[in-house]
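Secondary and tertiary structure notes
Listed below are the residues making up each chain.
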Amino acid sequence: MRMGIISDRRRKQRAARMRRRLMTAAGVLLLGALAMAPGLREKLRSLSQDVQTFSGGAQQTELTLPEREIFALQLAVFDSGERASSEARRLQAKGVRCIVWQREKMRIVSSVALSREALDLDTAKGEEAYVIRDTLEAVPLRLSCGAAELEAARTLLEAPDSVLMRLLAGDEALEDILADSAAIAGQMADSHPENTLCTQLAQSLVNWCALMERTMEETDERSARSYAAVTMCTLCRELRLALQSQSAAQM
């Protein structure tokens, strides 16, 4: 009888682990959707027209999301999004935490860094990998909003870049970075419902924090940090694309 209880407990533990893995995999696909699905990307770009004006445009300021050169560890490249998604799922099943980037092709990456030497090669889990170079383009912005809202808007728009740089610096605990990110997102999530892009960006940060908390439960600090940087780099790029699209529409 006792053996039956132990076996049942083990089955429940295995089922709980599997649910956590599925939740993490779902989070990967949700974050990757911006890079994978043109429809979602266009939806985000269409929302970017809201970024320059908040309620009460009493003051104006300018800021620039800077150009950043990023190196990435590429595990595979495809012309087809469906094939890329299938391969990403295969890798995830092997314990490789990765995401699909849409560039001129679909690229599966597992690590990002500011230099080739800083890439975490262990994230490939023995899979064949190549180093590629990517550029996050500079995006100048002009904000018009009330004085009380100005700093909050600036902080939110700069948050993905700030988080990415902190992750890549490697001198802070991931838990502390998540806490700061959650605080920024929480302050803005419901503050400006009229500004759709900022609401979406705040919610993306909230979702990212939740995904990283689950990741930290399942793996060590180093692996979780690498995965956090890969996913945040994706958010940085897609935010730039949205803002660039808005600027082009105004020309």
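Everything discussed here concerns the structure shown above.
My aim in this report is to walk through the structure given alongside it, one point at a time. Fair warning: this is a prediction, and the values are worked out from it, not measured in the lab. (Residues numbered from 1 in each chain as written. Predicted model: local features only at pLDDT ≥ 70, side-chain atom pairs only at ≥ 80, totals over all residues. Heavy atoms only, no water.)

Concerning the pairing of strand 4 (residues 106-113)
Burial within strand 4 is extensive, with eight of its eight residues counted as buried. Here seven bridges tie strand 2 (residues 68-78) to strand 4, and the two strands are oriented antiparallel to one another. Paired with alanine 72 across the strands is valine 112, a residue of strand 4. Connecting strand 3 (residues 99-102) to the antiparallel partner strand 4 that follows it, the hairpin turn spans three residues. (Buried < 20%, exposed > 50% of the residue type's maximum accessible area, 1.4 Å probe, protein only. Helix = DSSP H or I, 4+ residues; strand = E, 2+ residues; numbered from the N terminus. Pairing = 2+ DSSP bridges.)

Observations concerning unusual backbone geometry
For residues besides glycine, phi is generally negative; the peptide bonds are generally trans as well. The backbone phi angle of lysine 125 is positive, close to 55°, even though this residue is not glycine. Position of lysine 125 among the secondary structure elements: in the loop between strand 4 and strand 5 (130-136). Assessed through its relative accessible area of 48%, lysine 125 is described here as partly exposed.

Description of the sheet that holds strand 4
In space, the four strands of this open sheet follow the order 3-4-2-5, with antiparallel pairing throughout. This sheet does not close on itself; its edge strands, each paired only once, are strand 3 and strand 5. On average, each strand axis in the sheet is inclined to that of its neighbour by 55°, with strand direction left out of account. In the sheet, strand 3 pairs with strand 4 via four bridges, with the strands oriented antiparallel. The partner of glutamine 102 across the bridge, within strand 4, is methionine 106. Along the sheet, helix 3 (residues 81-93) makes contact with strand 2, strand 3 and strand 4, crossing strand 4 at roughly 45°. (Axes fitted to C-alpha atoms, helices over the stretch in contact; angles between N-to-C directions. Contact = heavy atoms within 4.5 Å.)

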